[in-house]
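A structural walkthrough
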Amino acid sequence: MLRLIGYLFGIGTILFFVVALGVAWYVGAVTRDLPDYEVLSSYEPPVTTRIHASDGALMAEHARERRLYLPIQAIPDRVKAAFLSAEDKNFYQHNGLDYIGLIRATITNVENYSSGKRLVGASTITQQVAKNFLLSSERTFDRKIREAVLAYRIEQAYSKDRILELYLNEIFYGLNSYGIASAALTYFNKSVNELTLQEAAYLAALPKAPSNYHPYRHTDRAITRRNWVIDRMVENGYVKTADGDEAKAQDLGVNPRRGGSHLFASDYFAEEVRRQIIGRYGEDALYEGGLSVRTTLDPKIQILARKALQRGLIRYDTQQGYRGPVATVITDGDWGVAVAEVEPLRDVPEWRLAVVLDADDEKATVGLRPSRTASGKVAEDRKTTILNGADMEWAYRIKVDKDRKKVKTVSEILKPGDVVYVEEIKPEEGEPKHVLRQPPEVQGAIAALDPHTGRVLALVGGFSYAQSQFNRATQAMRQPGSAFKPFVYAAALDNGYSPASVVLDAPIQLVSGGELWQPKNYGGGSAGPSTLRLGIERSRNLMTVRLAKDMGMNLVAEYAERFGIYDEMPPLLAMSLGSGETTVLRMISAYAVLANGGKQIKPSLIDRIQDRYGKTIFKHEERTCDACIVTEWQSQDEPEVVDTREQVLDPMTAYQVTSMLEGVVTRGTAASKVNLGRAAAGKTGTTNEEKDAWFVGYTPDLVAGVFIGYDTPTPMGRGSTGGALAAPIFNEFMMAALENTFPADFRVPPGLQLIPINRKTGMEARPGEPDVIYESFKPGTGPADFFSVIGMEEYATGEEILNVSPQANRAIVSGAGGLY
C-alpha cells in the first residue's frame, strides 16, 4: 500500500514538474516579445487643442480624440471612488491581479463557455492600462497572460496613483470623449470638480461599454448601470446610504456640450486660426498636440462687426427683391415635423424657420419651426404667428433668376408649404412682431485690427458660416479698385511730390500690350488740373493714371509690395487703379501702416501658442521691454518698449496721406456716409460695373475694411459703389466699436509745416482768398512758386492720344490759367 502511495506520489510529482515546465514554457513563449512598459513613463496621449479669444473665452476645440489630460491630484476623490467601485474595488490592495476576482470570473466563464455565452473579464485597472496602452483588444487567453505579466511589472515600476492617472485619462467614454476631463465636459458641460455623485457614477459606468449606456438611445439601461455603481460606492463605504438613494432617484441629467465653435460669431475667425496652425505646425500638432492658443479676437468687437456686415448685406439684398422660399414641405399632417427636417442657419439665431400655413391678400399665417430635444426628437411645441404685408414691402418685387415682377398681394409671395425665415423684432412702440427674412445672395467681409500691434480684433468672412465657409476676408482675391489709390499717392509723396502738386484730370488713351486702353472717371467727365488732395478726395481715375505714369509704375509696384498688398505686382498702369487682386486682411494691414506713422505691420490672429506643458512656442509681440520685468518700483526711469519693426514709409508721408484721406471722409466720396464724430480717414473703392465695393478706413487706433460683392463677380447695379454699400457698414461698425472711447487726433510728426493753399491751384493762398485749406509740407518743401500741371505738357503737345470734349477743354484752359 505504501509502495502504491509512493508510486502515485512520484508520478504526481513528475506530472507536476511536467505541467509546471509546460506552463513556464507557455508563459515564456507568450511573453517573449512583450512591449516595453517603460514607455508609460513618457506617455503623451493625443490631447485636444483649445483656441481662446483674447479675454480667455473658449472659441473652438480640435481633436481626433477629444481629451484633456488631468494629473491625479486634480481629480476629486468622489470621482476616483466611482471608478474604483465600478472597475476595481481592491485596486490599492492588489499587486496588479485580483486573484479572488479572477477565480470568480473563471467559474463564470466555464459556465458561459459551455452555454455559448460571452466570456466575462476580471481585469484590474492595472491590467486595463496594460491592454489599452501596450496590447490589442483581442479576447484570447494568450493576450490575458501577457496582460497579467505586464500588469505585475507595471505595478513594480509605477505608483498606484500614477497607474490610476493613466487609466482615467486614456479610456474612451463615448461621444468622441477620451479621458475623464473631456467626458465631464462632453456629457455634463462641467469640470470634474463640479460633478455630482450621480454624474460621477454615470461616467464610471461608461468605460465598460459606452454604446450600451448611451444617454438617449439606452436611457433605462444607462440609469440601471449608474445605480449599480452608486450601490457599489455605498457598499464600499465611499457614500452614505441616504446620499446614494437620493442620487439614484435623479435623472441622468446629461447636458451635451456642442462641438465646433463655442463662442458666438467667431466661426470665421476660429477657422482661419485652425488653418494657420496647420500651416505652421501640421495637422498632428493641431489634432493631437494639446496646444493652447490665445487669439487676438475681441468678442465684443467681433459681434459688432458681424452685426454691421449682416445689416449691410440685408439692406442691399432686400432692394433686389424676394427670391422665393428656402424649401417647400407638405403641411397636410404635422407641419412641425415637416419643417423641423429643414436645417436652419445655426449661426443666425436671430432668425427662425417657419412654414407658411395660410396666406391671403394682406397677411400670412406661419408655423414656427419647433425645437429638438437633446436626444434629437422634435419637441411638442407648435407656435404660429402672423406676417403682415405692410412689413414685407420689399418682397412685393419677385426676383427669379434675372427676371423681376411686381405683385400686389401676400398670397402671391407666400404659398402654403413654403419654408421661410422670420425674425422677431420689438418696435419701440407696440407689440413684438415677426417679419420676413431671406439669406442674401450678395456676400462680403469685414475685418478690423490694431494699427500699432497688428492684432486682428475682428474678422467676419461672410453673412453666415453655416451658409458658406468660404472666408471672404482672407481667401477671396478681389480687386480693391480706388481703395488702392492711397498707396499710389503715398509713393508720390515719398518721392518729391506734395499734396498741392497739380495733375491734369482729362481724358487719356494709352496703348498697353498692343491694345488701346481708355480709363475714365466714375460717372464720366473730368475736372482739368487738380491737386493731389482733390484727386484722391474725388477718386479721380484719370489723375491717378497720369500720376503713376509720371513717376513710373515700377515705383508704385515697389510700394505696393512693401505695404504687403501684393507679393509681386506687375508694373502695369491699370494696376494703379486697383485692378490687381488682394484680400481684405491685406488691405487693412496696408492702411494700418498709414495710421501708425509708417511702421511695418504683420497682421496676426494669434497672440500666443503654448504646448501641452505650458511652454510658449509662438508669440506675436516682437517688441521688447527688459525694464518692464521688475517686482517693485524703486524710483527707476519709466521702462521703454523697444520697437524693432521696419519703417516702410516716412512718418511725414504717412500723415500727409492720412490728412488727404480725412478729406475723403469730410468732403469726398465718403462724405455723408462716414461720420464718426472724431478724426477718421478712409477711402472708397469701386471696380468696373460695380462688381466690388470697398471701404477701408481708420482712426488713430483702429483700422477696419469692408468688402461687398457676389462670390462670382457680378454687376451689382448702377450706384452700388463703395460709398453707397461699404462705407455705411464701416460707419455703423466703427461708431459702435469706438463708443465710450476717448476721441484722439491723428499724430502729427514734428517738423511738418501747415501752409494755407488754394485748394484748386495748389499755390500759396493770399490773404482773404476764398477756398483755402491748410496743407502739410515736409521741411524744405512748400507750395509751388508758379502754376505747373503734371501731364499738361504731353497733353498740349499732342503726345497723348486724346479724345477731349469741349467742356473738358474749357476746364483745362481755365484751370491752367491760360497756359494752354
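All values derive from a computational prediction rather than experimental measurement.

The rules behind the values
- Residues numbered from 1 in each chain as written.
- Predicted model: local features only at pLDDT ≥ 70, side-chain atom pairs only at ≥ 80, totals over all residues.
- Heavy atoms only, no water.
- Salt bridge = Lys/Arg side-chain N within 4 Å of Asp/Glu carboxyl O.
- Helix = DSSP H or I, 4+ residues; strand = E, 2+ residues; numbered from the N terminus.
- Buried < 20%, exposed > 50% of the residue type's maximum accessible area, 1.4 Å probe, protein only.
- 1 Å grid on protein atoms, 1.4 Å probe; cavity = no way out; pocket = protein on both sides within 12 Å on 5 of 7 lines; lining within 4 Å.
- Points joined across faces, edges and corners; volume = space filled by probe spheres on them.
- Nonpolar A, V, L, I, M, F, W, Y, C, P; charged D, E, K, R; others polar.
- Pairing = 2+ DSSP bridges.
- Axes fitted to C-alpha atoms, helices over the stretch in contact; angles between N-to-C directions.
- Parallel < 35°, antiparallel > 145°, perpendicular 65-115°, else oblique.
- Contact = heavy atoms within 4.5 Å.
- Phe/Tyr/Trp six-rings, centres within 6.5 Å; stacked < 30°, edge-to-face > 60°.
- Lys NZ or Arg CZ within 6 Å of the ring centre and 35° of its normal.

**As for the pattern of salt bridges**
A complete count under the given rule lists 42 salt bridges for this structure. As a salt-bridge pair, Arg-372 and Glu-341 come within 3.4 Å of each other at their nearest N and O atoms. Taken together, the residues span a long stretch of sequence, with Arg-372 in the loop between β9 (363-368) and β10 (383-388) and Glu-341 in the loop between α14 (335-340) and β8 (351-359) at a distance of 31 residues. Under the relative-accessibility criterion, Arg-372 is labelled partly exposed at 33%. Lys-433 serves as the salt-bridge partner of Asp-391, at 3.0 Å between the closest nitrogen and oxygen. Residue Asp-391 is found in the loop between β10 and β11 (397-400), and its partner Lys-433 is found in strand β14 (residues 433-437); the two are separated by 42 residues along the sequence. Exposure remark for Asp-391: the relative accessible area of 23% places this residue in the partly exposed category. Shared partners join several salt bridges into a network, and the residues in it are Arg-533, Glu-537, Arg-667, Arg-759, Asp-771 and Glu-775.

**Things to note about the layout of surface pockets**
Empty space among the atoms becomes visible once a probe the size of a water molecule is rolled across them. The space that makes up the second largest pocket amounts to roughly 650 Å³. Among the elements of the structure, β23 (681-686) and α21 (722-737) are those that each provide at least two residues to the lining of the second largest pocket. Here the residues of the lining of the second largest pocket sort into 6 nonpolar, 17 polar and 8 charged.

**Observations regarding the sheet that holds strand β5 (residues 177-178)**
The pairing of strands in a sheet happens through backbone hydrogen bonds and is either parallel or antiparallel. Taken together, the 3 strands give an open sheet; going across it, the order is β3-β5-β4, and neighbouring strands pair in mixed fashion. For this open sheet the edge positions go to β3 (66-67) and β4 (172-174), each flanked by a neighbour on one side alone. Relative to β5, β3 runs parallel, the two being bridged by 2 bridges. Along β5, the bridge assignment pairs Arg-66 with Ser-177.

**Quick notes on the packing of helix α2 (residues 77-87) against helix α6 (residues 160-170)**
The interhelical angle for the contact between α2 and α6, taken along N-to-C directions, is 90 degrees, at an axis separation of 12 Å. One element, α2, and the other, α6, form an angle in the roughly perpendicular class. Within the contact between the two elements, α2 uses Lys-80, Phe-83, Leu-84 and Glu-87 and α6 uses Leu-164, Tyr-167 and Leu-168.

**Focus: the pairing of strand β22 (residues 616-619)**
Bridge count between strand β21 (residues 606-610) and β22: 3 bridges; the pairing is antiparallel. Each residue of the ladder has a partner; that of Gln-610, found in β22, is Thr-616. Taking the residues between adjacent antiparallel strands as the criterion, β21 and β22 are bridged by 5 residues, where Gly-614 takes a positive phi near 90 degrees.

**What to know about the pairing of strand β24 (residues 693-699)**
Burial analysis of β24 places 7 of its 7 residues in the buried class, the great majority of the element. Alternating positions in β24 separate into two faces, Ala-693, Phe-695, Gly-697 and Thr-699 on one and Trp-694, Val-696 and Tyr-698 on the other, with burial throughout. Sheet topology note: the β23/β24 ladder contains 6 bridges and is antiparallel. Pairing of Lys-683 across the sheet is with Val-696, part of β24. Between β23 and β24, which follow one another and run antiparallel, lie 6 residues, and Glu-689 among them has a positive phi close to 60 degrees. Sheet topology places β24 next to strand β25 (residues 702-709); 7 bridges connect them, and they run antiparallel. The residue bridging Thr-699 from the neighbouring strand is Leu-702, located in β25. Where β24 folds back on β25, the antiparallel hairpin that results is connected by 2 residues.

**Some details on helix α15 (residues 485-493)**
With 9 of its 9 residues buried, α15 lies for the most part within the structure. Listed as buried for α15 are Lys-485, Pro-486, Phe-487, Val-488, Tyr-489, Ala-490, Ala-491, Ala-492 and Leu-493. Summarising the contacts, the buried residues of α15 are in contact with α16 (532-537), α17 (541-551), α18 (553-562), α19 (584-595), α20 (651-666) and β23.

**Some thoughts on the packing of aromatic side chains**
Overall, the coordinates contain 18 aromatic pairs when judged by the stated rule. Taking 5.2 Å as the distance between ring centres and 90 degrees as the angle between the ring planes, the aromatic pair formed by Tyr-268 and Tyr-465 counts as edge-to-face. A residue pair is termed long-range when its members are at least 10 positions apart, and Tyr-268 in helix α11 (residues 267-281) and Tyr-465 in the loop between β16 (456-460) and α15 qualify at 197 residues. Under the relative-accessibility criterion, Tyr-465 is labelled buried at 10%. Through pairs of rings, three or more aromatic residues link up here, namely Phe-484, Phe-487, Phe-563, Tyr-566, Tyr-591, Tyr-698 and Phe-746. When the ring centre of Phe-618 is taken as origin, the NZ or CZ atom of Arg-280, which lies over that ring, is 4.1 Å away. The cationic tip of Arg-718 hangs over the ring face of Tyr-522; the distance from NZ or CZ to the ring centre is 4.6 Å.

From the geometry alone we can't say anything about function, so treat these as descriptive.
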